[in-house]
Amino acid sequence: MQNAMLAGGMVLTGHGGDEIDAYAALPQTDTPTAGVVLIHHMPGFDAASKEMVRRLGSWGYSAVSPNLHHRQAPGAEPDDAAAASRAAGGVPDDQLVGDVSAARDYLLGRPNSNGRTGVIGFCSGGRQTVLASCRLPFDAAVDCYGAFVLTGAPTELGMTVTPLRDELVNLRCPVLGLFGREDSHPSPDEVAELDGLLTELGKLHEFHSFSDAGHGFFAVDRPSYRYQVASEAWGLVRDFFGRHLGSPAY
């Protein structure tokens, strides 16, 4: 069947050999295609995040999203699992990199892999996308309003978040940054600082900031959703991945 896609839950062997839930959307084609790891937002491994995975699959990319909160609350509803993860201080950086690496390895092991992989993340996943791109050999990365890349998280969040300023020298791939001008985490000033720092380091990147958009403008199930902004931003994502990962299968 033309443009067929298989989507559903799966199990990944993540950091430390732990088995964790994941969600994949896999084009059913022999055409060589790239893989994309999607890092979900802090609210969790929810239906909206899985819809994003299916969007990538519908474009012709093999896509997978690991459940970063699985260890704290296996089988729990996304909000409950996210609360448990926050109570534990958030997802440790090394664990995140291990889980994302496992997802990347899975995609590279697909029979129709073209050998190229990208990563995209939202909210906390935006920061984690930057981190993963500094430590793993991705070919393209998309940071969607990632907070606390250059600064730590406020103490009231109860999470341990290490700034990534010292990691950026090791950034290994081009980055697309998508931000809202009405966001406070990251604020426009923080976005400008990150832009300047990546320029100083000679790291290939392109940033886009949207008016009438704050944090979470991609989140279709939340009041923060901005249809026109999200539609334009998805177009930028598709173009960016097409340039750096090769033409998708569909």
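Above: the structure in question.
Counting from 1, residues in each chain are numbered in the order their sequence is written. Residue-level local features of this predicted model are given only where pLDDT is at least 70; pairs of side-chain atoms are given and counted only at 80 or more, and the full residue set underlies all totals for whole chains, interfaces and linings. Excluded from the side-chain calculations are hydrogens and water; all other atoms, namely the structure's heavy atoms, are used.

Let us now look at the packing of helix α3 (residues 93-108) against helix α4 (residues 124-135). Geometry is summarised by axes, namely lines fitted to C-alpha atoms with helices restricted to the contacting stretch, and by angles between N-to-C directions that run from 0 to 180 degrees. Secondary structure is summarised from DSSP: a helix means a run of H or I of at least four residues, a strand means a run of E of at least two, and numbering begins at the N terminus for each. With their axes 10 Å apart at the nearest point, α3 and α4 run at an angle of 75 degrees to one another. What the angle tells us is that α3 and α4 run roughly perpendicular. Residues Asp93, Asp94, Leu96, Val97 and Val100 of α3 touch α4, and the partners they reach there are Arg127, Gln128, Leu131, Ala132 and Arg135. Residue polarity is assigned by list, with Asp, Glu, Lys and Arg as charged and Ala, Val, Leu, Ile, Met, Phe, Trp, Tyr, Cys and Pro as nonpolar; anything else, Gly included, falls into the polar class. Here the residues of the contact of α3 with α4 are counted per class, giving five nonpolar, one polar and four charged. We call two directions roughly parallel when the angle between them is under 35 degrees, roughly antiparallel when it is over 145, roughly perpendicular when it lies between 65 and 115, and oblique otherwise. Pairs of residues are marked as contacts when any of their non-hydrogen atoms sit within 4.5 Å.

Only protein chains enter the accessibility calculation, which uses a 1.4 Å probe; a residue whose area is less than 20% of its type maximum is buried, one above 50% is exposed, and one in between is partly exposed. Among the five residues in strand β6 (residues 140-144), five count as buried, and that is most of the element. Here β6 shows a buried face lined by Ala140, Val142 and Cys144 and a second buried face lined by Ala141 and Asp143. The path from the first strand over the helix to the second decides the hand: if it runs clockwise while the strands point away from the viewer, the crossover is right-handed. Viewed along the sheet, the connection from strand β5 (residues 113-122) through α4 into β6 turns out right-handed. Pairing between strands requires that DSSP locate at least two bridges from one strand to the other. Inspection of the sheet shows β6 paired to strand β7 (residues 175-180) by four bridges, in the parallel sense. Opposite Cys144, over in β7, you have Leu178 as the bridge partner.

Attention now moves to empty space enclosed by the protein. Using a probe with the size of a water molecule, rolled over the atoms, empty space left in the structure can be pinpointed. Note on definitions: the grid is 1 Å and covers protein atoms alone; a cavity is a set of points where a 1.4 Å probe fits but cannot get out; a pocket is an open set with protein on both sides within 12 Å along at least five of seven lines; lining residues have an atom within 4 Å of a point. Grid points are joined across faces, edges and corners, and a volume is the space filled by probe spheres set on the points. Per the stated rule, a full pass over the model turns up two cavities of 30 Å³ or more. When its volume is computed, the largest cavity comes out at roughly 80 Å³. Taken together, Asp143, Gly146, Ala147, Phe148, Val149, Leu150, Thr151, Phe179, Pro186, Glu190, Val191 and Leu194 form the lining of the largest cavity. Take the lining of the largest cavity: its biggest share by element is three residues, from helix α5 (residues 188-200). The residue makeup of the lining of the largest cavity, split by class, is eight nonpolar, two polar and two charged. There is about 40 Å³ of room inside the second largest cavity. Of the residues that constitute the lining of the second largest cavity, the class distribution is seven nonpolar, no polar and one charged.

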